[in-house]
Amino acid sequence: MKEFAASVVKEFRHIFRDKRTILIAMVMPVVQIILFGFAVSTEVNDARIAFCGDLSDSEVRKTVDRIDRNRYLRIVGRLDKPSDIEEMFRTNKADAAVCFANDYGKDLISSGKAGIRIICDGSDPNTAQMIASYLKGVISSEQSDIGIMISGERKVSMTPVVQLMYNPAMKSSYNFVPGVMGLILMLICSMMTAVSIVREKETGTLELLLVSPVKPLWIIISKMIPYLLLSAVNFASILLLSHFVMEVPVNGSLFLLSAAALVFVVTSLALGLLISVISSSQRTALLICGMGLTMPTMIFSGIIFPCESMPEILQWFSDIIPAKWFIIIVKKVMIQGDGMVSVLKELSILAGMAILLLTVSIKSFRTRLQ
Amino acid sequence: MEGNVIEIRNLTKKFGDFTAVDNISFDVWKGEIFGFLGANGAGKTTAMRILCGLSRPTSGGGTVSGYDINTEQEKIKRHIGYMSQKFSLYPDLTVRENIRLFGGIYGLRDREIREKTDAMLGMLEMMSEKDKFAGALPLGWKQKLAFSIALIHEPEIIFLDEPTGGVDPETRRRFWEMIYDTAEKGVTVFVTTHYMDEAEYCDRVSVMVDGKIAAMNSPSGLKSEYHAGNMDEVFRIIAGRAAREE
């Protein structure tokens, strides 16, 4: 046990002595969360709305007021005529405009149907669509309120009310926090473990450890432990950041989430060991990690593209990527607040992968030694 | 014979169809400096890995330090020291941390490690360097330190795998002085080398060709046997018969 402790201490020293390693391990998660959170944000926040209509009409005033009270929308001004809209967009003074027809109030009360037009700045189509659906939601709720008020019974509203469960604000952080978590844990565990073992292979110091009485399996474990602890720190820092900075809450059980993370970390460590066995230089190891792990994780984890809209063959391919399953679990537990039962399938797949990879990698490491 | 620390009988190691070590047998006597020569690819690294407990023979057997090479690899590892041609210290650890690490993985107690550290640094006159990174030391110092660290657990045999690769002749000479001192204390030295002048320093030398031991004798014995003026000629005559390419 003392032999084992000595080699664990050594691994920690390697990590803390190397500024690049520390930088990757400690700063990268924070940078990624901040970067994805603020720079790559697709969410609508504080959209500026201009309107065009008759302010003496009390229904127009009520609708405008309602838009202004919405958390994500803000009225920035009134236009005299619809043709001014283009000027507003060009000078970037508004993101969308709402035009009320003449006799808006009268039509609304008498028939429940009134002319209203939403014009959005399509130069940013994603944002435009999102703002449009917010506005539609606000206006249709106004219409249905009037229906109740007038006749005492609810008039059939033909406009579907779109409501996003779990993520009412369409916050992109709900999507990328699980993704970044998967990416970081995998990077720390697979890449850094692989590189640290291959580095010793390159310098020949691995040989020194192997001729010592410390058993090969324990050498491997002593290499893994520091990265296991590092990933625990990263896991905690991502959770804290996403809770306090991104306001993404942990809705489900923190224990379940941590357990899933642990299984994923073991899978990644095993992958790292496997990569270290097949690669002879640090460069090869990095390349395999980059092309074989990081890129597929970015693509298939749903950080950038939703898996569901991929061709079927790619969806099958995405099934063999451990990160995909972990990210699904995180989404379910963290965002939807699901329990054990709902993630049982994903968790078993992940655990299966962990056991398989661990067996294969330890076996191949041992054969390599002989 | 009394005092054999290594006894190898009919040792063979095959990798698939390729026979790296082909039925070799030899003894190494206690306290001698045994030179293990051979061209690249002659099988000496494979044989040495088996002696160090890193690899198992395909057939044959033997003992190192009294322990069976087939079944008691862990015990062998505890009783041998090893230093390789490649850099044997961790450059990003300080001199003292390197000593601590190897003391630790060989199971020494903290107090022992502290005493050994002081004794070692005093002997190497490196007390003022103890907190420097090992990577920053001159190559000659690194080697002396690596050699002393390989002896930290007081092994009966020390394996040196081309220990003086890439060093100037003066440093090499001083390194061999350390080897002599060690052998005088009764530690058996098993050394591989490419430098034939170093082979002259050994008590006995074996030359491997194509996985077999082609010759084994004292340097002077070999020279008269092959009518050669120096070990370089001896090696060229013997290794020249090799059928196997590198």
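Along each chain, residues carry numbers from 1 onward, in the same order as the chain's sequence is written. Whichever chain is written first becomes A and whichever ligand is written first becomes 1, with later ones labelled in order. This being a predicted model, a pLDDT of at least 70 is required before a residue's local features are given, and a value of 80 or more before pairs of side-chain atoms are given or counted; all residues contribute to the totals for chains, interfaces and linings.

1. Considering the overall build of chain A
Here is step 1 of the chain: Put simply, DSSP H or I for four residues or longer makes a helix, DSSP E for two residues or longer makes a strand, and each gets a number counted from the N terminus. Looking only at helices and strands, chain A features 14 helices and 4 strands.
Here is step 2 of the chain: Expressed as a percentage of the 370 residues in chain A, the buried residues total 38%.
Here is step 3 of the chain: Contact criterion: two residues are in contact if their C-beta atoms, reconstructed from the backbone, are within 7 Å. Of the contacts formed within chain A by residues at least 6 apart in sequence, a portion of 76% connects residues at least 24 apart. Whether a residue is buried, exposed or partly exposed is read from the other C-beta atoms within 10 Å of its own C-beta, which are placed from the backbone; 20 or more gives buried, 12 or fewer gives exposed, and intermediate counts give partly exposed.

2. Regarding the overall build of chain B
Here is step 1 of the chain: What chain B contains, in helices and strands, is 9 helices and 10 strands.
Here is step 2 of the chain: Throughout, the radius of gyration refers to the C-alpha atoms, and the reference size of a globule is 2.2 Å times the residue count to the power 0.38. Radius of gyration (C-alpha) of chain B: 18 Å, near the 18 Å computed for a compact globule of 246 residues.
Here is step 3 of the chain: Here the C-alpha coordinates of chain B stretch approximately 50 × 40 × 35 Å along the principal axes.
Here is step 4 of the chain: In chain B, which comprises 246 residues, the share counted as buried stands at 43%.

3. Focus on the pairing of strand S1 (residues 4-15) of chain B
Residues and elements named next belong to chain B.
Here is step 1 of the chain: Direction of pairing for S1 relative to strand S2 (residues 18-29): antiparallel, over a ladder of 8 bridges. The partner of Lys13 across the bridge, within S2, is Val21.
Here is step 2 of the chain: Hairpin connection, S1 to S2: the antiparallel pair is bridged by 2 residues, and Gly16 has positive phi, about 65°.
Here is step 3 of the chain: Two strands qualify as a pair provided DSSP detects at least 2 bridges between them. By the bridge criterion, 5 bridges tie S1 to strand S4 (residues 59-64) in an arrangement that is antiparallel. Within S4, the residue paired with Ile6 across the bridge is Val64.

4. Structural notes on the sheet that holds strand S3 (residues 33-38) of chain B
Residues and elements named next belong to chain B.
Here is step 1 of the chain: The strand order across the open sheet formed by 6 strands is S6-S7-S8-S3-S9-S10, and the pairing between neighbours is mixed. The sheet is open, and its two borders are formed by strand S6 (80-84) and strand S10 (212-217), each paired with just one other strand. Strand after strand, the sheet turns through a mean of 15° between neighbouring axes, direction not considered.
Here is step 2 of the chain: Two elements, strand S9 (residues 204-209) and S10, share 5 bridges in a ladder whose sense is antiparallel. Within the sheet, the bridge partner assigned to Val209 lies in S10 and is Lys212.
Here is step 3 of the chain: For helices, the axis comes from a line fit to the C-alpha atoms of the stretch in contact; other axes are also lines fit to C-alpha atoms, and the angle between any two N-to-C directions lies between 0 and 180 degrees. Running at roughly 145° to strand S8 (residues 188-192), helix H6 (residues 169-184) makes contact with S3, strand S7 (157-161) and S8 of the sheet.

5. Describing the packing of helix H3 (residues 58-69) of chain A against helix H5 (residues 104-111) of chain A
Residue and element names in this part refer to chain A.
Here is step 1 of the chain: Running from N to C, H3 and H5 cross one another at 90°; their axes reach a closest spacing of 6 Å. By the angle between their axes, H3 is roughly perpendicular relative to H5. Within the contact between the two elements, H3 uses Ser58, Glu59 and Val60 and H5 uses Tyr104, Gly105 and Leu108.
Here is step 2 of the chain: Each residue gets one of three labels, nonpolar for Ala, Val, Leu, Ile, Met, Phe, Trp, Tyr, Cys and Pro, charged for Asp, Glu, Lys and Arg, and polar for the others, Gly among them. Residue composition of the contact of H3 with H5, by class: 3 nonpolar, 2 polar and 1 charged. Orientation is classified from the angle alone, with under 35 degrees giving roughly parallel, over 145 giving roughly antiparallel, 65 to 115 giving roughly perpendicular, and any other angle giving oblique.

6. Considerations on the nonpolar core
Nonpolar side chains tend to gather and get buried jointly when the protein is soluble and globular.
Here is step 1 of the chain: Only buried Ala, Val, Leu, Ile, Met, Phe, Trp, Tyr and Cys residues enter a nonpolar core, and they are joined through C-beta atoms within 7 Å. Leu51, Phe159 and Val189 of chain B are the most contacted members of the largest nonpolar core, which has 72 residues in total.
Here is step 2 of the chain: The residues touching Val189 of chain B, leaving out its near neighbours within four places in the chain, are Ile33, Phe34, Ile158, Leu160, Ile179, Thr182 and Ala183 of chain B.

7. Observations concerning the interface of chain B and chain A
Here is step 1 of the chain: Opposite the 22 residues of chain B that make contact, chain A presents 22 residues.
Here is step 2 of the chain: Within the residue set of the side of chain B that touches chain A, elements represented by two or more residues are helix H2 (73-79), S6 and helix H3 (95-105) of chain B.
Here is step 3 of the chain: Residue contributions to the side of chain B that touches chain A peak at 4 residues, all from H3 of chain B.
Here is step 4 of the chain: Among the residues forming the side of chain B that touches chain A, the class breakdown is 9 nonpolar, 6 polar and 7 charged.

8. Considerations on the pairing of S9 of chain B
All names here are of chain B.
Here is step 1 of the chain: Of all 6 residues in S9, 5 are buried, a share of seventy percent or more.
Here is step 2 of the chain: Note that S3 and S9 share 5 bridges and pair parallel. Each residue of the ladder has a partner; that of Leu37, found in S9, is Val207.
Here is step 3 of the chain: The turn linking S9 back onto S10 is made up of 2 residues, and Asp210 within it adopts a positive phi angle of 50°.

9. Some points on the confidence of the model for chain B
Here is step 1 of the chain: Taken over all residues, the pLDDT of chain B has a mean of 88, while the share at 70 or more is 97%.
Here is step 2 of the chain: The ipTM assigned to the predicted complex is 0.82, against a pTM of 0.74. Each residue carries a pLDDT value, the predictor's own confidence for that position, ranging from 0 to 100.

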